[in-house]
Structure formats: C-alpha cells, structure tokens
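# Working through the structure, step by step
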Amino acid sequence: MSQLLPRSQPPLSAGAAALPHRVRRLWRWRGRDIGLVFIAPWLLAFLAFELIPTVAAFYYSLTDFHVLGTTTFLGLANYQQLFGQDQRFWTALSNTLYYTAVSVPMGLVLAFVLALILNVRMRGQGLFRTLLYVPAIVPSVAATIVWVWLFDPNAGLLDQVITAVGLPTVHWLDDPGWSKNALILLNLWAFGGGMVIFLAGLQGISQELYEAAAIDGAGAWRRLLRITIPLMTPSIFFNLVLGVIGSFQVFNSAYIATHGGPLDSTLFYMLYLYDNAFTYLQMGYACAMAIVLFVLVLALTLLLQWSSRRWVFYS
Amino acid sequence: MIAWTARPARVGRLALLYVALVALTLVMLIPLIWTVSASLSPIGQIGVWPPHLIPSPIMWTNYSDLFGLIPVGRYLLNTMVIVSAAEVGALVTCSFVAYGFARTTFPGRDALFLVLLSTMMMPFVVRLIPLYVLYRQIGWLSTYLPLTVPQLLGISAFNIFLLRQFFLGIPQELCDAARIDGCGDFRIWWRIVTPLAKPALAAVAVFSFQGAWDDFLAPIVFLGGNPDMYTLTIGLYMFRSTTTSGTPTTQYLMALSVLMIIPVLVIFALGQRYFIQGVALTGLKG
C-alpha cells in the first residue's frame, strides 16, 4: 500500500549514510536525482575531452608551447604576431573568407532552386531527389580524390571536354587564380544536402496559401516572392549558418587536393592552423589561431542571429 | 506540392524543365559514373578521349589486385572499430543521456543542457591540440582509444540534442503510466522510449556512420604515426600521395574510392526511410 504514495522522503542510501553528517546536510539524494546517472557518461566526457582541453587551449595560446623542451609564458605575443607580422595568417583568412563568400551563397541558390523544382509533382520526382542528393553523402575524402583526378589538365574529364570544344586548358589546381574556384566547385557538387533541408521546409508550407493567392490573381513569380521565400526564411537561415560555419572550417579538400598550394592560394585557415601545430610544431601559436577562429565563428553566428530578426519570418 | 495542370503551355514548360533536370542529374553523377568506370578499366583506357564508359575488358581484378597493393583489409578493420564505437555511443549512450535531459529532473538540468548546446558552437580544432597533448601523455596516441572512448561516453552533443528533442515528443502519460506500475527510469528508457524512438535513432545512426566513416582530421592527428592504425580515409589519401609520381595506379585509386563510397550509399539507402523524418525533427519549420 505504501507504494501508492508519492515518494517524498526516501531513506538515505547506504553510501550516503556513511558520509559525515555535515556533508549529508548539503545534498540529499532524491529518487528523482537518478537523472544525474543518466547524464553521467556525457558529463564525464565533457569534462575530460571538452572543457579541460578548451581551457588548456586558451592557456597554450598564451605560451610558446611546442611539446618538446620548455614552455615560456608569452602573454598576448602570439596574437600580436598573428595579427601584426604573420602575412600567411592574413592570406589564410582572406582565402577562407573568399571561399565562404562565394560557395555559401551559390550553394544556397542552387539548393533552393532545385528544391523548388523538385517540389513540383512530376514523374521521377523521388528519383531525381535521390540522385541529386547522392553527391552530398559521398565521403569528402573520396570526393576530393575523385575530383582531383577530374581536374587533371591532361587526363581529367573536365579539361578533356573543355579542349574538345576548342577552349584552352584550365589548370584547375595548378593555377593560383583558379585553385580556390576548383575547390568551390567541388563543394558545390554536394549542394544536395541543402536541397533536402529546403524540401523539408517547402513541405511545411500550406497549399491553401498558394491556392488563395492564385484565386486572387497572383502569378507564379509573385507567389514565389511573397509566399515561398518569406516562409522559407527559417530554412534559409539554418542553411546559411551551417554553411558559413562549415566553410570556415574547410579542411579535407584543401589538405588532400592541394595542401595549400599553389603559392598558398588554397591555404585555408584550418590548414594553416594544422601546419602550425603539427608540421612546424608551434602549438602555442596554433592554439592562438584556434581561439581566433572560435571568436570569428562566434561573432559571425551572433551577427547572423542578430540580422535574422530583420529578415527571418517565423510563422 | 504544387500540381501542374496539363495545359499546352504548361506541358511545354514542364518538358523543358524535365530536360534540364535530366541534364543536371547526369552532370552531377558523371564523376561517380566515371570513377566506377575507371576502377574497372585497364590502365590504357583511363584518361583517353573520348572516354570509354564501359571498359573492355572489365577489369574486376583491379579490385582484387588492390588488396595486394595496400592493406585495405587493415584499413577497413580500423575504420570499422571507430565506426562501431560511434554507433554504439550514438544509439546507446547518447540515447541514455538524452533521456536524462528529456524525462528526468535533477539539479542543474537545464543549465547543463545549455552547456551541452554551447559545445556545438565550439570548433573541434580548439580542443584538437590539447587533446593531442593529453593523449600523448597518457599513451593513447596510435591506439583506437582517442577515437572510441569519447564517442562511447556519449560526447556527441548533436546526437543528444536530436534525441532529446524527439523524446520530449513522446507522451508523458506513457512514462507516467509505467512509473505507476513500478518501472524505474532505466526500464522506461529501455522498454518504452527506445522502441518508440526508432525514426530518431535511425537518423542518428546514419549521421554517425557518415561522420565516423569520413573522419580524416582526427584520425590523421591521433593515428598518423602508425601505418597499422590507418583508417580508410588516411589510407586513401596516402595511396593517392604515392601515386602522383611513378607507376600508374589510377585504376586502383578509383577502386579504393568506390570501396569507400558504396557502404555509405548502402547505409543511407537503408536508413533513408527515417532520414527525412530525422531532418524534420530538428524543428526547421517556421
């Protein structure tokens, strides 16, 4: 019968009863504190593999830590060098900004347009959606290897087609002027990921809105501008933020395809950071770069979040 | 979905759209088609113009020869260990933790959840170097441990977030009824919540597989010192680096790429029923 009553004062467990009386008064184990047991694994992992390393990164960034030898405290010297004297830092930053500024909008437009098209009921709609999505799930390492070969000036398919129609060979990965664009193209190949998000968003728009607008005489273009796009702004915002955060941290393609070359034209931020840490063993310096990246990404996200109040419409 | 009525003008536009769509799809898939074709080609037929779509003869032996050239089996084993840890971590631990955040109460629960969310904002690379130093100190470098232990402990905030959101959607009455019947939270999680969460778990399983299968930075940092520990991603990269000069091995490189691509496609195909649901779970609708 006592089981029907809500448990309010459970007896102390044997372990708790063994604690000194003062400690016991600080915290009584309540039956509902079982939740702590549930989150315990994550909490442990968070402390050991996230919190402490993050704090350590902040600390290392203030030193000349290079694993071997002695570590000297440098204060903000790393940051000063980064912003004041390191030309390659600015190169890496501008490369990354260019990459983000070009690939994200293009990816969004491509994904949006294709989502609109594939939202129309037609034969093979499901097949097209799947096929256009496939490149997005190809592992980035394999995709890079494939595209490196496609970009080959002699044996690669792209230049073979280009020269077959009479145009001069494009040196995709050898030409400092083209190399970033080549990597952007590689990234655009995977626009299907954004397309799927947009498709999900489009399906959330009530058909009645379109019907009502059509009855009122609104043409397709008007319906797009006044109904579709405003109601899609949450999805657009989502893809935009993810796209920006992802582009800032592009690594695999830069490392595998060109390793920063030619002439540092594809030296992206993450790659330069990696080289500083594991090639030049300047780990303190690399940690400073990592902190700067964190601040940049955070600032950008907050900026986007702030701007979203102006243009994102939550119905 | 907008239904088009088949008026003549519309039919013309629809046909044009169709052609453009087919063209785009072909262009998007040509890299993959070409890769498969090259993987089955004799060396003389790769990179010729016009390209042979179907090689003659079809060199199935490229794949078997590949295993003789580089330790693909070893790479696969290493990758599978890491993938398995990610999957167990996602499907068991993350679900366990997510239940804690969703359906139990404890001091600091909401604050800790905010902390969890904020970890998604922190780029991995910030922790990378201190983690390398830590693992070096405790002798975990060049072992499976750096890439399995955190996952098994449920470090993936994204998975926990996704599952927690889904669990919040499971009617409280179900859990309450079970509680009245004497079920403890563990039983509720295992017997009631988990079976109901199949769509979310499938989505999480697919995401985790893709993430672990394609992971490159972490393996190369933590395992890079020992070729026996290389994952498929590292193996593929290393193989490509050694083939830019010297003997032509493009067909083997493409074969290895195909081997890297196919499992992901299979997993995706298996989970795709739940996948679109999983995307919608993140609550994107305005």
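Residues numbered from 1 in each chain as written. Chains lettered and ligands numbered in written order. Predicted model: local features only at pLDDT ≥ 70, side-chain atom pairs only at ≥ 80, totals over all residues. Heavy atoms only, no water.

### Here's the deal with the overall build of chain B
Along the backbone of chain B there are 13 helices and zero strands. Mapped in sequence order, the helices and strands of chain B form the string α-α-α-α-α-α-α-α-α-α-α-α-α. Against the globule reference of 19 Å for 286 residues, chain B gives a C-alpha radius of gyration of 24 Å, more extended than a compact globule. Along the first, second and third principal axes, the C-alpha atoms of chain B reach 70 × 70 × 35 Å. A buried classification covers 50% of the 286 residues belonging to chain B. Considering only intrachain contacts with a sequence separation of at least 6, the fraction spanning at least 24 residues in chain B is 71%. Just so you have it, chain B exposes about 13,000 Å², and 69% of that area is on carbon and sulfur atoms. Each charge class in chain B was averaged separately, 16 positive and 10 negative side chains, and the resulting centres sit 9 Å apart. (Helix = DSSP H or I, 4+ residues; strand = E, 2+ residues; numbered from the N terminus. Rg over C-alpha atoms; globule rule 2.2 N^0.38 Å. Buried < 20%, exposed > 50% of the residue type's maximum accessible area, 1.4 Å probe, protein only. Contact = heavy atoms within 4.5 Å. Areas by Shrake-Rupley, 256 points an atom, 1.4 Å probe, with all protein chains shown as cover. Lys, Arg positive; Asp, Glu negative; His and termini not counted. Charge placed at Lys NZ, Arg CZ, Asp CG, Glu CD.)

### Quick notes on the packing of aromatic side chains
Residues and elements named next belong to chain A. Summed over all chains, the structure comprises 42 aromatic pairs over all chains. Relative to Phe46, the ring of Trp42 has its centre 5.2 Å away and its plane inclined at 20°; by these criteria the two rings are stacked. Of this pair, Trp42 and Phe46 both sit in helix 3 (residues 34–60), four residues apart, which is roughly one turn of the helix. Accessibility expressed as a relative area gives 9% for Phe46, which makes it buried. (Phe/Tyr/Trp six-rings, centres within 6.5 Å; stacked < 30°, edge-to-face > 60°.)

### Quick word on the confidence of the model for chain A
Averaged over every residue, the pLDDT of chain A is 89; the share at 70 or more is 90%. Across residues 1–9 of chain A, where pLDDT falls below 50, the model places one contact with residues more than four positions away in sequence or in other chains. (pLDDT = per-residue confidence, 0-100.)

### Points about the interface of chain B and chain A
At the junction of the two partners, chain B supplies 88 residues and chain A supplies 94 residues. Carbon and sulfur atoms supply 80% of the area that chain B and chain A bury against each other, a total of about 8,100 Å² over both sides. Run the count over chain B and chain A and you get one salt bridge. Taking the shortest distance from any N to any O, the salt bridge between Arg127(B) and Glu50(A) comes out at 3.8 Å. Linking chain B with chain A are seven residue pairs in polar contact (both at pLDDT 80 or more), by the criterion used here. (Buried area = accessible area lost by both parts, 1.4 Å probe. Salt bridge = Lys/Arg side-chain N within 4 Å of Asp/Glu carboxyl O. Polar contact = N/O pair within 3.5 Å; in protein donor to acceptor, adjacent residues only side chain to side chain.)

### Brief notes about helix 6 (residues 125–137) of chain A
In this model, helix 6 of chain A (13 residues) spans 19 Å end to end at C-alpha, consistent with the 18 Å of a helix rising 1.5 Å per residue. Among all positions of helix 6 of chain A, only Gln125(A), Phe128(A), Leu132(A), Tyr133(A), Val134(A), Pro135(A) and Ile137(A) are buried. (Expected span 1.5 Å × (residues − 1).)

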